[in-house]
Amino acid sequence: MTLVNLMRRWVIALGLTGLVALPTPALAKFQFSGCAGKEDTIADAYALAFSRAKAAEDKVSANELYLTWFGAWTEARGKIVSDNLADIIAQTLVGTPAFTCYPAGDSACDEDGDGTDDYYAFIYAGESFEIHLCEPFWTVEQNLDIDKTDVLIHEVSHFHIGAQTSDHCYGASGIGSCIDLAISQPDLAVQNADSYMYFIKNAGSGL
């Protein structure tokens, strides 16, 4: 049995015994590097990821929310979305990621070397449970219509042990690009990190 399937079973089993009464992921023992003074902010943001993802679980059907972010409904694509959401839910409940924080202008976040960070957060290809946070992460709410929890959900969806999403569009470059992706290329939308991030975000807000 794979780790992610085991975590899924935990989520199902715990759900039968009153999942809402369980401790939140914020109480788990995370690992931090370079994040002095920011640990609580990270843990609080990560704790919200589970409840938001869980709230989206029953929204996977041929409804307006699904059509907006994943495009035309088919049973096959719906199953992909349901399976990927199950991975995200499981990982945000029982996962304890290692977080690495970088100062502004660090080469890990400044891809083109111009002294300006190019990322809010990232994971390296093939990684799971390791999330790297760049300086813009701390002020994301000032620049985009998302928050820190949304960013973490995006990164969790990338985990190699899990949904393994890709980046076929970035809402940071214009939310319309992800809506267009759902319309024109739904097979890519169901594998796209920001599509899950916005689906989960909107599901929680009742949209």
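Thresholds applied
Residues numbered from 1 in each chain as written. Predicted model: local features only at pLDDT ≥ 70, side-chain atom pairs only at ≥ 80, totals over all residues. Heavy atoms only, no water. Phe/Tyr/Trp six-rings, centres within 6.5 Å; stacked < 30°, edge-to-face > 60°. Helix = DSSP H or I, 4+ residues; strand = E, 2+ residues; numbered from the N terminus. Buried < 20%, exposed > 50% of the residue type's maximum accessible area, 1.4 Å probe, protein only. Salt bridge = Lys/Arg side-chain N within 4 Å of Asp/Glu carboxyl O. Axes fitted to C-alpha atoms, helices over the stretch in contact; angles between N-to-C directions. Parallel < 35°, antiparallel > 145°, perpendicular 65-115°, else oblique. Left-handed = near helix turned anticlockwise from the far one by under 90°. Contact = heavy atoms within 4.5 Å. Core = buried A, V, L, I, M, F, W, Y, C linked by side-chain atoms within 4.5 Å.

As for the packing of aromatic side chains
The final tally for this structure, using the stated rule, is 15 aromatic pairs. Judged by centre distance (4.9 Å) and plane angle (15°), the rings of tryptophan 69 and tyrosine 198 are stacked. Here tyrosine 198 lies in helix α9 (residues 193-205) and tryptophan 69 lies in helix α3 (residues 64-70), a separation of 129 residues in the sequence. Seen in terms of ring centroids, phenylalanine 129 and phenylalanine 159 are 5.1 Å apart; in terms of plane orientation they differ by 55°. Their pairing is tilted. Of the two residues, phenylalanine 129 is situated in the loop between β3 (121-122) and β4 (130-133) and phenylalanine 159 in the loop between α6 (148-157) and α7 (175-184); the sequence distance between them amounts to 30 residues. Owing to a relative accessible area of 17%, phenylalanine 129 belongs among the buried residues under this scheme. On the basis of relative accessible area, phenylalanine 159 is assigned to the buried category, the value being 0%. Three or more aromatic residues joined by ring pairs form one cluster here, namely Tyr66, Phe70, Trp73, Tyr196 and Phe199.

A few points about the pattern of salt bridges
Counted under the stated rule, the structure contains eight salt bridges. Note that aspartate 150 is salt-bridged to lysine 201, the shortest N-O span being 3.0 Å. Placement of the pair is aspartate 150 in helix α6 and lysine 201 in helix α9, with a sequence separation of 51 residues. We classify lysine 201 as partly exposed; its relative accessible area is 25%.

Quick look at the packing of α6 against α9
Running from N to C, α6 and α9 cross one another at 135°; their axes reach a closest spacing of 8 Å. Put simply, α6 runs oblique to α9. As for the relative orientation of α6 and α9, their crossing is right-handed in sense. When α6 is examined against α9, the residues Asp150, Val151, Ile153, His154 and Ser157 are found in contact with a partner set consisting of Ala193, Asp194, Met197, Ile200 and Lys201.

Things to note about the nonpolar core
One broad trend across soluble globular proteins is that nonpolar side chains are buried collectively. Judged by nonpolar contacts, the single largest core of 48 residues is most densely connected at Phe70, Val81, Phe99, Ile131, Leu133, Leu152 and Phe199. The set of elements that each furnish at least two residues to this core consists of α2 (39-56), α3, α4 (75-94), β2 (98-101), β4, α6, α7 and α9. Ignoring anything within four residues of it in the chain, the contact list for leucine 152 reads Ile42, Ala45, Tyr46, Phe99, Ile131, Leu133 and Phe137.

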